Amino acid sequence: MTSVSACRELVVEYGHGDGRVRALDHVSLDVAPGERLALRGRSGSGKTTLLHALGGLVEPTGGEVELEGRPLATLDEEARRRMRATRIAYVFQGANLLPTFTGFENVAFAIRAAASPDAPTDPLMLLGLVGLAGKAEHLPGEMSGGERQRVALARALGQHPGLLLCDEPTGQLDSDTGARILDLIDALQREFGFALVTATHDEDVAARHDRVVELEEGRVVRESA
Amino acid sequence: MTFAALAFANLLRTPGRTIVRVVVLAAAVALVGAMILFIGHSLRTMTSSSVRSVPLDWQAPVASRPAAERAALAVSKQHGVLDALPVATAPFAGAIHVKPGTGIFRSASGSILAVPETYTQNIHTIRFLRGSLRPGQVVLDQQLAATLQAQPGDLVSFTAKAGRRPVRLRVSGISVVSAGDILFQPLNPLLGPAPAQPPVETAVMTVGTFAQKLAPQLPTIASSSGLPGIPGSVPGTQWQVQAQVDPAQLTGGPAQALRQATGLRNRIQSSLPGQVNFVDNLSESLNTATGDALYAETLYIMLALPGALIALGLAYLAALGTVERDRRELSLLRARGASRRGLVALAGIESLFVGIVAGILGSGIALLALRLVHVGRGPLTLWRVVATVGGCVVLAVLGAAAARLGAGAAALRGEVAEGRRPQRPRRPLWQKLYLDVAALAVSGLVYWLTARTGFSAVVNPDSNPTLSLSIYMFLAPALLWLGAALLLVRLRGALLETVARRVTGGRARTLSGLLLASAGRRSAAINRGLLLVGLLLAFGVNLGVFASTYDQQARVDAQLTLGADIVASAPAEALKAHALEQKIAHVQGVAGTTALDHSYAYVGPDLQDTFGVNASTVTSGTTLRDSYFIGGTANHLLAELRAHRDGILVSKETVTDYSLNIGDLLKLRVLDHATGRLRVTPFHVVGIVQEFPSAPRDSFMVTNLDYLLSVTHDPGPNVVFAKTHGDAAAVAKRVGAVARPAGASVKDITTQTAQTVSSITTVDMSGIAKIEEAFVVILAAAAMALFVVLGLAERKHEFATMASIGSSVREISAFLWSEVAIVLAGGLALAALLGWLLAEMLVAMLQHVFDPPPDHLAAPWLFLVGLAVAAVLGALLTTVAAGLRLRRLPLGEILREQ
């Protein structure tokens, strides 16, 4: 079965000269369709970098990243854009909603970018799925942290992704809100069947996933199911 | 790491932002620096022009020739005096030239000017047309030469006084006495200059010749003060000392030069007590120039200061571009233990670096700009360069510090956590007090009040010019600027926000809907751009329209001052004998001509210039505007003149002073050339004239040429006006070739317009206008570019998120260029409205300066289009560059930042 996303001997470095840092050091990983994978590690372990690399947001210094069996390096700009629009979605730690759009418009923007016949077309329906139909016309600044994360989830669903990448989705939320967000993600994952990769430092969050890959100083040090 | 090293590293870390800050600050200080340099240069130019316009600086009456020679010698040795000479003026009863084979030619009474042989070296009241001044001989003024039909080498007999033996003198030259009104004026040091009607017939000879041959026949008068300044009224010889001030001693602007000249005169008089008391023609001219200089300074400030302030606003914007990020950074630094003093020091040192570079760059631009417009060709002294650089650096450092510290002020004042929270905008005090509305209201009120008073301004009669009323006058445009700017800030793009909300309702789905929704919610940021771009473009429109109208009026004023495109002046006999009007009419490039007689007449005790015109042909040679007349159009009043042979147009002051009505009989005393005496002549008032080509600002009269000649027994007109096709200077050369051999002087409007005399309407606006227009065009492009750059910087995270969602670069760019388009469109509309309004206000406020006032504003379309194109190009190029940048955004790195 073709992986949704994979990396082979991946190396990612930042900076120049004496300040150059190796964030990922020869990491190899596969994400199967529908799989729930957690990337766990302390701050600076490389989990966010690996997440971004899998999603094509970061250019590898060495090694290779594949999306649905196709090497990212072989894709042109338009093909990458299409990948990001229709196959990969993100939920960032701070939600990263577009501040000048309402909840409705944030979801509509993603639907429009995807422009996929398979994707949902009704932002209100998606907002309803995350329980925020009543906040459709609110701006991100008028929502709580949890509400912003739920809108981010609705936006991600608007892309009808094969892979959802979540970077510390509960990092800025209190434990109760965070738990509800995680429950929602789980429910949507079961509903829509996308692969889920979550970067987290939290053991309990990681435990909700089918597989946990532990990272330390840019290397995979442990894998557990 | 020291604070200096840290500050330097911080600047290098964001090279783009640093360069933008430096460039915009440099432009702002360059504008201010150029303005100050230009003002200084213009004031010095006004001084030198004012000094040049005075042919004879000082005259002191003395009792005798020995007294004149003693005093002249003493004065000439004084520091600051270029030359001082003993001179005499005296009357003669008549002159005769017996021309063998032709007849006997006689002149009426006239005046003698006796001067040393070296007179014309430093005093330029006489211009020799032929020959020169020789001891024992006489130089005839061209009018006298024409009357006597005499040439150099001929013998002419002068009778000093009726009944005395004539004195024969050989003619050694023919001259033009160009300052007869000053040379022969009554000399009363207490009253000052009192220019008199110049004598018709003048003879020039050396002091020795006069003293030997003619002076013994005439009484010597100690002083001509108290005598009327009319020919024939001075009964004897007036000895005097004439002196010229060294122009190099008069430095700086007219006010400073006036103080220097007055001080010099007082020093000389006090060092030679009882010997000389000067009539000061120079101070009179400098006093007038001082008043004009004050207006010039105010005008320049009004035109340049808004631009400089807006440019500083751009610099402030550049520094505040990432105010939120700066605020968070500073708050984090404080959280990590940095002290407030340390942060202030860091910001201050950064500002110092930016300010020094910007100041040096800006001063270089200012100096170069002045060179490029051919201003400041005079010595650019080391002191001036140092002062310019120093001033610009100080200004730039202050501007940079204000922006930088303003950005960090909130973080420096507040708690750490508060610094990290997004700031909720608070309504400032001026908004609560509605200062913007108040400013606009007061602006309108001041404008209305000054309009009611006719926009006149006051200059303190104690030669100490003050701007008492002028300050209020300029409050109107100043408050309009301020009120408009504050109102724009208050509105914060409310209109856009409302429209967006109504159209999209928070549920936009299409690209256009999303663009509108985004713009509506970024209305404050858009408004910020609109404010600066709009005000900058408005400044450009205001400047361009005012400068263009000013140039237009300068040409009109030059034509009014000179009289026509080309003016040829000659003695009446010469004009008639050589049929000059007809010859000039046939010169290539001449469109039409008219001849007129410029003479004088007394209305009561007032001597007024009188113009005899041919009412049927006058408009062939010059332009008459309806605004020149009161109570009728130009055509109507010319028709009245044609209908009444003895009709006369008089000034409003004459009508008021003598309680005249249309149709009233007006008896004038005119000079009868046949007898050399004044005779009472009846005229009838047919209209009121307030302006006339070549007429002075004082009261004057216009009448029919043939009637005037019939009563004055003048041989004919003495002036020809000519209209031209095309280049007046080129046509004037051809007219000169025809007219000068007849002894005529020829002037053209191009040369007249280019001359800078002591009058604000001929103060050279083109230099400062070119400099400022160039700056505005560059700043317009820079302002749009800055808006794009700031927009990209502010929304980098947002655009990265869009890209991560899969939006195309084209669509992401649309969010940038749609805002640019709104700012550009709004800015151009604001510029058209506000800029035009300000120009109208400024032109209306300077009505009394323009002579005549403009009928309409002049639009410099080339510049205005260029300005709009610069703004569009600046936006376009930067948006394209931004699009390329968007393609290369490091998404991962940006999205990691929270």
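For clarity, every value in this text was computed on a predicted model and none was experimentally measured. Residue positions within a chain follow its written sequence, with the count starting from 1. Chain labels run from A onward and ligand labels from 1 onward, assigned in the order the entries are written. Local features in a predicted model are, by the rule used here, given only for residues with pLDDT of at least 70; side-chain atom pairs are given and counted only at 80 or more, and totals for whole chains, interfaces and linings are based on all residues. To obtain the side-chain values, all non-hydrogen atoms of the structure were included, while hydrogens and water were left out.

Draft legend 1. Representation of the pattern of salt bridges within the structure. In what follows, salt bridge is the name for a side-chain nitrogen of Lys or Arg lying within 4 Å of a carboxyl oxygen of Asp or Glu. Applying the stated rule across the entire model yields 34 salt bridges over all chains. One salt bridge in this structure joins A:Glu77 and B:Arg887, with 2.9 Å as the shortest N-O distance. Taken together, the residues A:Glu77 in helix H2 (residues 77-86) and B:Arg887 in helix H31 (residues 861-887) connect one chain to another. The partner of B:Arg795 in a salt bridge is B:Glu798, with the nearest N and O atoms 2.9 Å apart. Take B:Arg795 and B:Glu798: they sit in the same class, and that class is buried. Through salt bridges with shared partners, one network takes in B:Arg522, B:Arg528, B:Glu794, B:Arg795, B:Glu798 and B:Glu819. Only runs of H or I of at least four residues qualify as helices and only runs of E of at least two qualify as strands under DSSP, and these elements are numbered from the N terminus. When accessible area is computed with a 1.4 Å probe and restricted to protein chains, residues below 20% of their type maximum are described as buried, those above 50% as exposed, and intermediate ones as partly exposed.

Draft legend 2. Representation of the domain arrangement of chain B within the structure. For the domain bounds, the source is a domain assignment made automatically or taken from a database. According to the domain assignment, chain B consists of domain 1 (81-245), domain 2 (522-561 + 758-898) and domain 3 (572-742). Computed from C-alpha coordinates alone, the two centres of domain 1 of chain B and domain 2 of chain B are separated by 64 Å.

Draft legend 3. Fine view of H2(A). Most of H2(A) is tucked away: seven of the ten residues are buried. The set of residues buried in H2(A) consists of A:Ala79, A:Arg80, A:Arg81, A:Met83, A:Arg84, A:Ala85 and A:Thr86. Contacts from the buried residues of H2(A) go to strand S4 (62-67), strand S5 (70-71), strand S6 (88-91) and helix H3 (103-114) of chain A together with helix H29 (796-805) and helix H32 (891-896) of chain B. In what follows, a contact means two residues having at least one pair of non-hydrogen atoms within 4.5 Å.

Draft legend 4. Representation of unusual backbone geometry in the model. With phi around 50 degrees, A:Glu217 is a residue other than glycine that occupies positive phi space. Position of A:Glu217 among the secondary structure elements: in the loop between strand S9 (211-216) and strand S10 (219-224). When its relative accessible area of 65% is taken as the criterion, A:Glu217 is described as exposed. Despite not being glycine, B:Gln149 shows a phi value in the positive range, around 55 degrees. If you trace the backbone, B:Gln149 turns up in the loop between helix H5 (142-148) and strand S8 (155-159).

Draft legend 5. Highlighting the packing of aromatic side chains. Aromatic pairs are defined between Phe, Tyr and Trp rings, using the six-membered ring for Trp, whenever the two ring centres lie within 6.5 Å; interplanar angles under 30 degrees are classed as stacked, those over 60 as edge-to-face, and all others as tilted. Applying the stated rule across the entire model yields twelve aromatic pairs over all chains. Residues A:Phe101 and A:Phe109 carry aromatic rings whose centres are separated by 5.7 Å and whose planes lie at 35 degrees to one another, so their mutual orientation is tilted. Comparing A:Phe101 with A:Phe109 shows no difference in burial state: the two are buried. Each ring is checked for a lysine NZ or an arginine CZ that lies within 6 Å of its centre and within 35 degrees of its normal; such an atom marks a charge sitting over the ring. The residue whose ring lies beneath B:Arg669 is B:Tyr602, and the NZ or CZ to ring-centre distance is 4.9 Å.

Draft legend 6. Representation of the pairing of strand S2 (residues 81-92) of chain B in the model. All names here are of chain B. The buried count for S2 comes to eleven of twelve residues, which makes it a mostly enclosed element. Across eight bridges, S2 lies against strand S11 (residues 238-245) in antiparallel orientation. Paired with Ala84 across the bridge in S11 is Ala243. Strands pair, by our definition, only if DSSP identifies at least two bridges between them.

Draft legend 7. Structural detail: the sheet that holds strand S7 (residues 163-167) of chain A. Residues and elements named next belong to chain A. Across the sheet, six strands lie side by side as S6-S7-S8-S3-S9-S10; this open sheet has mixed pairing. Bordering the open sheet on either side are S6 and S10, each of which pairs with just one other strand. Sheet twist, expressed as the average angle between the axes of neighbouring strands with direction ignored, equals 20 degrees. Sheet topology places S6 next to S7; four bridges connect them, and they run parallel. Counterpart to Val91 in the pairing with S7 is Cys166. Packing against the sheet, helix H1 (residues 47-54) makes contact with strand S3 (36-40), S6, S7, strand S8 (195-200) and S9, and its axis sits at approximately 155 degrees to S7. Axis lines are fitted to C-alpha atoms, over the contacting stretch for helices. Their N-to-C directions set the angle, which ranges from 0 to 180 degrees. The sheet contacts of helix H5 (residues 145-158) involve S6 and S7, and relative to S6 the element is tilted by about 180 degrees.

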